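One-letter residues, chain by chain:
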Amino acid sequence: VWDYQPLVGSEEEGYAIETEVGLFAMKRDQVARHLKPLESAGIAVDMSQLAPLASYNFICYDGLNVEGAYDPAKPPPSTVIISLGTDTTDLVITNGYRVWQRSIPIGGNHFTKSLTKELKLTFAKAEHLKRNAMKAENPKVVFQAMRPVFSDLVAEIQRSIGFFTSNNRNAKLGDMVALGNPMKLPGLQRFLSQNLDQEVKLVDQFNNLVG
C-alpha cells in the first residue's frame, strides 16, 4: 500500500526547483492485521499513518513554523525526534520542509531482556524491576545490567545523525526531542543528553492541540 507526497521546494519564475517527492509504503498484511480488531468492533477507520510520519506531522504542527518557499542553500534548523517504542526507535530529522527517518532496532523491551539475561529473571519480574529501578535493593546493579543497551542506543543514534549530516551538508541540527514510554526509564534522558552533547527534551504537552 503506497502513496507519494511532493515536498515543498523553491520557485524561480514560476518553475519549481529543488523539489523532492517522498514515497511511502506499508505492507498490506500488516495494515490488515492492525485494522482487523477495529473492524471486528465495528469501528470505521478513516486514515492509516506510518508512525515516523505521525511524529513528523506532530512536530511540524506543534513545534515548527513552516512558511514560505524552501531555500536549500539556507535551510532552517532541523529538529531531531527520538521516538522510543517497544521493539524499535524511530529517528526522524526534519526542518519542516524535508523529512528523513530511520528505524533503529532497539526499544524498551531490549532493556527488559538485558535484565532477564544479566540478573537471571523472568521477563515479568525484569519488566517490573526496570519500571522501578530507583526503588531496587541495589539500583547500581540494575543500571549496570542495562548499560549495554544504553550504549548501543546512543551509538545507533550517533551513527544515524552522522549519516544524515554527511548527506545533507547544509543541514543544521536544532532541538532534540524525545517521545515514547521507554523515556520514563530513570537516567535515560540524562544519558542521551550527555552522550549526544545536546539537551534531549521530553515532550510532555501539546502546544497547539485543541478539542
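Fair warning: this is a prediction, and the values are worked out from it, not measured in the lab. (Residues numbered from 1 in each chain as written. Predicted model: local features only at pLDDT ≥ 70, side-chain atom pairs only at ≥ 80, totals over all residues. Heavy atoms only, no water.)

Enumeration over the complete set of coordinates arrives at 6 salt bridges. The residue glutamate 20 makes a salt bridge to arginine 98 at a minimum N-O spacing of 3.5 Å. Of this pair, glutamate 20 sits in strand β4 (residues 20–25) while arginine 98 sits in the loop between β6 (89–94) and β7 (99–104); the two residues are 78 residues apart in sequence, bridging distant segments of the chain. Judged by relative accessible area, which is 43%, glutamate 20 ranks as partly exposed. We note a salt bridge from arginine 131 to glutamate 127, for which the minimum N-O separation is 2.9 Å. Of this pair, arginine 131 and glutamate 127 both sit in helix α4 (residues 123–131), 4 residues apart, roughly one helical turn. The exposure class assigned to glutamate 127 is buried, which follows from its relative accessible area of 16%. Shared partners join several salt bridges into a network, and the residues in it are Arg102, Glu156 and Arg159. (Salt bridge = Lys/Arg side-chain N within 4 Å of Asp/Glu carboxyl O. Helix = DSSP H or I, 4+ residues; strand = E, 2+ residues; numbered from the N terminus. Buried < 20%, exposed > 50% of the residue type's maximum accessible area, 1.4 Å probe, protein only.)

For the rest of this paragraph, the subject is the packing of helix α3 (residues 108–119) against helix α5 (residues 139–167). When two helices pack together, their arrangement is given by the angle between the helix axes and the distance between those axes. Two elements in contact, α3 and α5, have axes whose closest approach is 9 Å; the angle formed by their N-to-C orientations is 125°. The angle between the axes of α3 and α5 places the two elements in the oblique class. Between α3 and α5 lies a crossing of right-handed hand. Seen from α3, the contacting residues are His110, Phe111, Ser114, Leu115, Glu118 and Leu119; seen from α5, they are Val141, Val142, Ala145, Met146, Val149 and Phe150. (Axes fitted to C-alpha atoms, helices over the stretch in contact; angles between N-to-C directions. Parallel < 35°, antiparallel > 145°, perpendicular 65-115°, else oblique. Left-handed = near helix turned anticlockwise from the far one by under 90°. Contact = heavy atoms within 4.5 Å.)

So, about the pairing of β6. Burial of β6 is extensive: 6 of the 6 residues sit out of reach of the surface. Covered by surrounding structure in β6 are Thr89, Leu91 and Ile93 together with Asp90, Val92 and Thr94, the residues of both alternating faces. In this sheet, β6 lies alongside strand β5 (residues 78–84) in antiparallel orientation, the contact comprising 6 bridges. Looking at β6, one finds that valine 80 is bridged to isoleucine 93. Count of turn residues in the β5/β6 antiparallel hairpin: 4 residues. Alignment of β6 against β7, held across 6 bridges, turns out to be antiparallel. For leucine 91, the partnering residue across the bridge sits in β7 and is arginine 102. In textbook terms, the turn of a hairpin is the stretch between consecutive antiparallel strands, and for β6 and β7 this stretch comprises 4 residues, one of which, glycine 96, has a positive phi near 95°. (Pairing = 2+ DSSP bridges.)

The quantities given are spatial measurements derived from coordinates; they are silent on function.
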